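As a plain string of letters, each chain reads:
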Amino acid sequence: MVTLTINGQEHELDVPDQMPLLWAIRDVVQLTGTKFGCGMSLCGACTVHLDGEAIRSCVTPVSQAEGKSVTTIEAMSDDEVGRRVQQAWLDLGVAQCGYCQGGQIMSATALLKEHETPDDEQIMDAMGGNLCRCGTYNRIRQAIHRAAEQGEDQA
Amino acid sequence: MNRLRDDLMLANVSRRHVLKGLAASGALVIAARWDWALADEEAAYGAEAMPHGWVDDPNVFIRIDEDGTVTVTNHRAEMGQGIRTSLVMVAADELGADWDRVRVDQAPGDEEKYGNQNTDGSRSMRHWFDPMRRAAAAARTMLEQAAAEQWEVPVSECRAGVHVVVHEPSGRESGFGELAAAASQRAVPERDSLSLKPREEWRYIGQETGPSQHAEGDEVERPLAIDGEDIVTGTAVYGADVHFDDMLYAVVARPPVYGATVASVDDSEAMGVPGVVRVVQIEGTGQPAAFEPLGGVAVVAENTWAAIQGRDALSIEWDNEPAGDNAAYDSESYREALEAAAESAGKVIRDEGDIETALADAETNLTATYYMPHMAQAPMEPPVAIVRLVDGKAEVWAPVQNPQATREGVAERLGLDFADVTVNVTLLGGGFGRKSKPDFVLEAASLTGEFDGRPVRVQWTREDDLHHAYFHAVSVDRLEAALDSEGRAQGWRHRTLSPSIGSLFAPDPEHKGDFELGMGFNTMPFDIPAIRLENPEASAHVRIGWFRSVYNLPHAYAIQSFAAEMAAQAGRDHRDYLLELLGPARRIDPREIDERWNYGENPERYPIDIGRMRAVIEKATEEAGWGRELPEGRGLGLAFHHSFASYTAVVLDVEVEDDGNLIVHNADMAFDCGPQVNPERIRAQLEGSCVMGIGIALHSEITASEGKIEQNNFHQFEIPRMPHAPRAMRVHLINDDPDVAMGGVGEPGLPPVAPALCNAVYAATGKRIRRLPIADQLAS
Ligand code: FES
Ligand code: FES
């Protein structure tokens, strides 16, 4: 038995300790916004927040998440920064197929929590692990700037 | 012209048309297009020529509820191109619907009802703009007629406004919802009686979408991407997101060599993995594989992780005997063999003037051989499918580009009537041609049969996706030019060698078919006195399939690189030289140059338009500041290409650092697809094409050794990351002319990107790279 707190809710899961968090979230808890893209920490589609930090759930055993707070894309609308990022994504029409975008938004939100107004280099550093086969990178970069600016406006 | 074509053409032919003796695998058949032997006056083009053609019945596509909600059924697969938004924009506009009260339904696979649904070939809008407008115009007319009858006034006095019908003399109004029931009882008006809205009345078509364009006090109401909110909140449903409580999860170990089979399997350890339920063999169909599974061993479990663990624990002996020489396939020696074969003549595809004399008389002869490797489509969502049986009927949920072929394949595999199979199409997390082949769905169908119809999800891992893609054909292209003393081209000889997609469906033809040659090879547009195009043999050793823009990729790469080499040899500016090679604006009838495919479009409506090529080149170079001074180590590269009835030119501004790191500072793409329905999504497709094309040039390569694919995951098959994308990207859309025949959007942006990048590297460094990918060849 593993106890996980996902989006503020506790789940008792009967899964092996070594099961990657990704599959526990998707197959067992049935939150499907977190995506499988590579299983090797190479694409970022599975990005979630573990105590606020962006991590790759495909290589994180559930045992490592015990006692910590897991946040997925489904909870981003309840997060002030997350909501701003989502809105910027919509404003700029970032998504094409959309499959990678949950992971992109999780990485971008973590970035903006660390740097309120990141520059291009910081964005490329933070987002370099998130692949998008549709090639939406330019809009992602612009959307992060936009979300940052709107955060400043509110401040 | 009344001849039988010798080439093979892919056709999705309904069962009654299956010719005995042709390889019929599933429902997709490669067939000699016997219908093309008919006289030209009977030839069908465009949507007309597609299996099940088009449908414009409003009752099929548009429903209006009494509360006024308008539901438009989208029957094409959504894979990021935005068709669920764009096609609905067309219907909503023609109907007069208020965007906020429009929703979209996704059609299951049913071509008898909806017309052709095979979402590839950059055809969705090109083939469906007109039928969808007619369907909506018919629905609007029915609403107007219903209002006229209710008010007892002439229908000519009733006009649909925004979500209402207005009686113009009295100003009386009735909402669409109030009229819906009565309108639905009316006969569908005759097609010829419909009047389509003039362009000035369009509110959505051709408008920019997204609130970013709402800015600056612009009051025009503009539609938003239909799935946008679901995507950013993680609630959009892709192939793996459908859940059933009693669902089983499977991963499959497939033969590493194309055509191999299972000799023996020891599953004792796999069965010991907690959560593994059973290990099952899946029958493959051997070669040619068509869309059928490759066969192998499935591990079926209670969750995906257990299935993956179980598969790792399998020990399998493969029998390579049935694979023949595929087991010896080595992509490096294959490249060398093709390069050697390119030295000799091949099947003649086009022959104008006297090439031998031109080459012999030339002041300078220029020769170059280009190589493009295999690649995998690698959509971010790997193949995945769920199938279950309920009361003997199959239900499928899968991200498929071709739901009809999927349905036919599942019916055949499970021995069911076609009517007893439902294919629900989820969102596709990218397609790029991979998901037009439903092999992964047929695996799930086989497995559900083994478990009394319990829902089974087959999940492909990234390793599976890369090992068992339908690979983009490797290609060797050898070009020779004869230049006169002024550097002008007097002769052009091009030999192209690639395995054919035909090998997937029939005994290997070893030559490219019409539809492969027609992708930028025999449509080479330059105005040169002597032209000779040849296609020597090349055989296939892996599954070869469509990859976004297909054979346009190697053809454009070779031709556009070589034109730049010719310009350099002649000491001329590349742009000026290209325009000179093209000659004056004119339209070429494809039949004149023996081009028989023309993307399935009518050669009269879709000529090869040199003027449009010139215009995109001029636009892209002008916007990019062609000719401007750049610092050391930096250069501009240009390329253009015509494909899928559209025209693209690209200028990339590239810096190569000493360590070989490459930065694309600016990208300017000029694009002409004729009328633009959703310009914002068109730009998005071009931006995506630019990034993908940079990846093709820089690092994307699949290699094989002893018949096995050597790349396992994204650390070995690299695709672009954010730092590879241009620092600034500008897409310039031109020629939004309603009288021009509409072109495709999803694919035509891609082919010129890789050659533009290589040309820019040459401009920056003087280094000419002729073998893709180039990233490891850049360090000085
Ligand atoms: S699935 Fe976790 S990084 Fe790709
Ligand atoms: S939007 Fe398709 S993979 Fe990123």
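Residues numbered from 1 in each chain as written. Chains lettered and ligands numbered in written order. Predicted model: local features only at pLDDT ≥ 70, side-chain atom pairs only at ≥ 80, totals over all residues. Heavy atoms only, no water.

## A short note on helix 17 (residues 574-582) of chain B
All names here are of chain B. His574, Tyr577, Leu578, Leu579, Leu581 and Leu582 are the residues of helix 17 that are buried. Here the buried face of helix 17 lies against strand 21 (475-483), strand 22 (489-497), helix 16 (552-570), helix 18 (610-624), strand 26 (634-643) and helix 20 (753-765). Gly583 occupies a position one or two residues after helix 17 and carries a positive phi of about 75°. (Buried < 20%, exposed > 50% of the residue type's maximum accessible area, 1.4 Å probe, protein only. Helix = DSSP H or I, 4+ residues; strand = E, 2+ residues; numbered from the N terminus. Contact = heavy atoms within 4.5 Å.)

## With respect to the pattern of salt bridges
All names here are of chain B. Applying the stated criterion across every chain, the model contains 58 salt bridges over all chains. Across the pair Asp464 and Arg254 runs a salt bridge, and its minimum N-O distance is 3.6 Å. In this pair, Asp464 sits in helix 14 (residues 462-467) while Arg254 sits in the loop between strand 10 (248-253) and strand 11 (261-266), placing the two residues 210 residues apart along the sequence. With respect to class, Asp464 is no different from Arg254; both count as buried. Connected via shared salt-bridge partners are Glu343, Glu356, Arg478, Glu480 and Arg493. (Salt bridge = Lys/Arg side-chain N within 4 Å of Asp/Glu carboxyl O.)

## What about unusual backbone geometry?
All names here are of chain B. Backbone torsion omega between Gln287 and Pro288 reads -10°, so that peptide bond is classified as cis. Its place among the elements puts Pro288 in the loop between strand 12 (276-282) and strand 13 (296-301). Residue Pro773 is bonded to the preceding Leu772 through a cis peptide linkage, with omega at -5°. Secondary-structure assignment places Pro773 in the segment after helix 20.

## Structural notes on the side chain of His49 of chain A
Mapped onto the secondary structure, His49 of chain A falls in strand 3 (residues 47-50). Residues contacting His49 of chain A, with those up to four places away along its chain left out, are Ala54, Ser69, Val70, Thr71, Met76, Met106, Thr109 and Ala110 of chain A.

## Let's talk about the confidence of the model for chain B
Residues and elements named next belong to chain B. For chain B, per-residue confidence averages 93 on the pLDDT scale, and 93% of positions sit at 70 or higher. This model gives residues 1-41 a pLDDT under 50, and the stretch forms 77 contacts once residues within four places in sequence are excluded. Within the model, pLDDT remains below 50 along residues 210-221, and this stretch shows 21 contacts once partners closer than five positions in the same chain are excluded. In the predicted assembly, ipTM is 0.98 and pTM is 0.95. (pLDDT = per-residue confidence, 0-100.)

## Considerations on the domain arrangement of chain A
Residue and element names in this part refer to chain A. In terms of domains, chain A is made up of domain 1 (2-74) and domain 2 (79-154). Placing the centre of domain 1 and that of domain 2 at their C-alpha centroids yields a distance of 21 Å. Contacts between domain 1 and domain 2 engage 15 residues on the former and twelve residues on the latter. Taken over both partners, the interface formed by domain 1 and domain 2 buries close to 1100 Å², and the fraction arising from carbon and sulfur atoms is 59%. Taken together, the connections running from domain 1 to domain 2 amount to five residue pairs in polar contact (both at pLDDT 80 or more). The greatest single-element share of the side of domain 1 that touches domain 2, amounting to three residues, is contributed by strand 3. Of the residues belonging to the side of domain 1 that touches domain 2, the class tally is seven nonpolar, six polar and two charged. (Domains from an automatic or database assignment. Buried area = accessible area lost by both parts, 1.4 Å probe. Polar contact = N/O pair within 3.5 Å; in protein donor to acceptor, adjacent residues only side chain to side chain. Nonpolar A, V, L, I, M, F, W, Y, C, P; charged D, E, K, R; others polar.)

## Describing the packing of aromatic side chains
Evaluation of the coordinates by the stated rule reveals 18 aromatic pairs over all chains. An angle of 85° between the planes, with centres 5.4 Å apart, marks the rings of Tyr99 of chain A and Tyr238 of chain B as edge-to-face. Here Tyr99 of chain A is found in the loop between helix 3 (80-91) and helix 4 (101-114), whereas its partner Tyr238 of chain B is found in the loop between helix 7 (228-233) and strand 10 on a different chain. Each of the two residues, Tyr99 of chain A as well as Tyr238 of chain B, counts as buried. Aromatic pair Phe61 of chain B and Trp128 of chain B: ring centres 6.0 Å apart, planes at 70°, arrangement edge-to-face. In this pair, Phe61 of chain B is assigned in helix 2 (residues 58-61) and Trp128 of chain B in helix 5 (residues 124-151), connecting sequence segments 67 residues apart. A relative accessible area of 1% means that Phe61 of chain B is categorised as buried. The class of Trp128 of chain B is buried, set by a relative accessible area of 1%. Members of the aromatic cluster, connected to one another through ring pairs, are Trp492, Phe526, Phe562 and Phe640 of chain B. The cationic tip of Arg278 of chain B hangs over the ring face of Phe451 of chain B; the distance from NZ or CZ to the ring centre is 4.2 Å. (Phe/Tyr/Trp six-rings, centres within 6.5 Å; stacked < 30°, edge-to-face > 60°. Lys NZ or Arg CZ within 6 Å of the ring centre and 35° of its normal.)

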